[in-house]
Amino acid sequence: MLLLSNKLKRWHETLPLHWLLAVLVAINGFVLLRPGIMAVYAMHPSSGWNGWLNADSVSVFLDSFGLLEIPRLMLGAGLQLMALGLIFKARIAWTVSLLLLACTCTFFLWRPEGRFELLIYTVVLIVMLLAYWRRFDRSSLAAGSLFTVFSITFLLVYAVFGALYLGGDFRPHITDTMTALYFSIVSMSTVGYGDITPQTDVARMFTASIIILGITVFATSISAIAGPIIGGNVQRLVKGKLSRPMRKNHIIIAGATPLAQSVYTTLHERGHAVTVIVRPDTTHPYPDQADILVGDPSDTAVLQQAGASQALYVLALRDDDPENAFIILAAKEVCGEQTRTVALANTATHLKKIKQVGPDIVFSLQSLGAEILSRTVAGEPIDNDMITKLLFQNGTGPADPF
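1. Points about the packing of aromatic side chains
Part 1 of the argument: The tally for this structure, following the rule as stated, stands at 2 aromatic pairs.
Part 2 of the argument: Here F170 and F183 contribute two aromatic rings whose centre-to-centre distance is 4.9 Å and whose plane-to-plane angle is 65°, an arrangement assigned as edge-to-face. Here F183 lies in helix α9 (residues 177-188) and F170 lies in strand β1 (residues 170-171), a separation of 13 residues in the sequence.
Part 3 of the argument: A relative accessible area of 0% places F170 in the buried class.

2. Topic: the environment of G29
Part 1 of the argument: Position of G29 relative to the elements: it lies in helix α2 (residues 17-43).
Part 2 of the argument: The exposure class of G29 is buried, given its relative accessible area of 0%.
Part 3 of the argument: The contacts of G29, once residues within four sequence positions are left out, are G76, L79 and Q80.

3. As for the side chain of T122
Part 1 of the argument: Counting through the fold element by element, T122 comes out in helix α7 (residues 116-131).
Part 2 of the argument: T122 sits in the buried class, given a relative accessible area of 0%.
Part 3 of the argument: Separated by 3.0 Å, the side chains of T122 and N28 make a polar contact.
Part 4 of the argument: The contacts of T122, once residues within four sequence positions are left out, are N28, L101, T104, C105 and F108.

4. Observations regarding the pattern of salt bridges
Two side chains of opposite charge can pair, provided their charged atoms sit close to one another.
Part 1 of the argument: Summed over all chains, the structure comprises 3 salt bridges.
Part 2 of the argument: The partner of R204 in a salt bridge is D201, and the shortest N-O contact between them spans 3.1 Å. Of this pair, R204 and D201 both sit in helix α10 (residues 201-242), separated by 3 residues, roughly a single helical turn.
Part 3 of the argument: Overall, D201 belongs to the exposed group, its relative accessible area being 58%.
Part 4 of the argument: Taking the shortest distance from any N to any O, the salt bridge between R279 and E323 comes out at 4.0 Å. Linking R279 in the loop between β4 (274-278) and β5 (291-294) with E323 in helix α13 (residues 321-334), this pair joins segments that are 44 residues apart in sequence.
Part 5 of the argument: Look at R279 and you get partly exposed, because its relative accessible area is 22%.

5. Structural notes on the state of the cysteines
Part 1 of the argument: Evaluated as defined, the whole model comprises 0 disulfides.
Part 2 of the argument: In this structure C105 is a free cysteine whose sulfur lies 9.3 Å from that of C103, the closest cysteine sulfur available.

6. Side note on the pairing of strand β7 (residues 340-344)
Part 1 of the argument: The element β7 is extensively covered by neighbouring structure, given that 4 of its 5 residues are classed as buried.
Part 2 of the argument: Bridging between strand β6 (residues 313-316) and β7 involves 4 bridges; their strand directions are parallel. Bridge assignment links A316 to a residue of β7, and that residue is A343.
Part 3 of the argument: In this fold, β6 hands off to α13, which returns the chain to β7; that crossover is right-handed.
Part 4 of the argument: Here β7 pairs with strand β8 (residues 361-363) via 3 bridges, running parallel. Bridging from a neighbouring strand, L344 pairs with F363 of β8.

Definitions and limits used
- Residues numbered from 1 in each chain as written.
- Predicted model: local features only at pLDDT ≥ 70, side-chain atom pairs only at ≥ 80, totals over all residues.
- Heavy atoms only, no water.
- Phe/Tyr/Trp six-rings, centres within 6.5 Å; stacked < 30°, edge-to-face > 60°.
- Helix = DSSP H or I, 4+ residues; strand = E, 2+ residues; numbered from the N terminus.
- Buried < 20%, exposed > 50% of the residue type's maximum accessible area, 1.4 Å probe, protein only.
- Contact = heavy atoms within 4.5 Å.
- Polar contact = N/O pair within 3.5 Å; in protein donor to acceptor, adjacent residues only side chain to side chain.
- Salt bridge = Lys/Arg side-chain N within 4 Å of Asp/Glu carboxyl O.
- Disulfide = S-S within 2.5 Å.
- Pairing = 2+ DSSP bridges.
- Right-handed = clockwise from strand over helix to strand, strands pointing away.

Here it is in structure tokens:
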């Protein structure tokens, strides 16, 4: 059992879940496509596409095999195409896949003979896609292009097959593939030259459906392609130039040291608003959604931009003690009366000098560690008052530590 578990774990790592779902969707599409492909090949095994794609062959195919075979073929082709989008974790591919699978279930319920297993398979696949919807969170140009290709292809096939099937209801008659394709494109684009006109109510309704679907498909396709491009540019513009978050009653952290990162994580988990100031030449692992201000934290203008006058705390947590002292001096110029300043003393030799700039709290891990270790070795007691006095070095500690 352990060996089997390890094999399954390695298999899951090599084949991510979104790939597995994409393969299952592609299998569903192949099941839908196979009968139609086999039927076409059986009608003209050696003549190829040009041998059967004409008005007579389409009529024979639809009359003998059923008009419902066209939606089935398009559902299968659409699922195959959406499987590619699922590989890219595209949200639009996930949405369209659910829609196509729901249509597939409707198709199987409408024609249930011998398809109960496929219906169960499709329902299980829908449940899996819904359960793992968080995996598909990307909006990309590739996904929008896939959706566009599928939509336009679906509409073209519908229009060409319908025009060939109803060819006798038009004047002049539509009897070949090129004429049907020409009429389909002209109708989809709503140009309407008037050289081919419907003569019966069925043909008129069919033409109207092409026009309506053409407008819808083109509008949706343009938004699917242009949306990620425009959205990404607007997001970068807003994030880079226009974003000015309201900073009030928050905590400012200056630095990107491991201690600063740990403090940020703890405060964020407790629901505090935190603004981080990092120098331009500093790399940091803060999350993308963090309120990060790039600049010199010892510059009063940068502190004003960070909202220091409305902050509850300014924490100078850099690994350079003189820098922490300069940050405290700058903060005292711009901070309000309610703002408290905290400075980190990285070395014991700089402790007195940092105290001279007058921070409300001096934070010294080195002194605390040395004293605790010494008392432990000497067998002396360790109490909270001693820890507080050594940790905050001003003898009182914070009245309300965050």
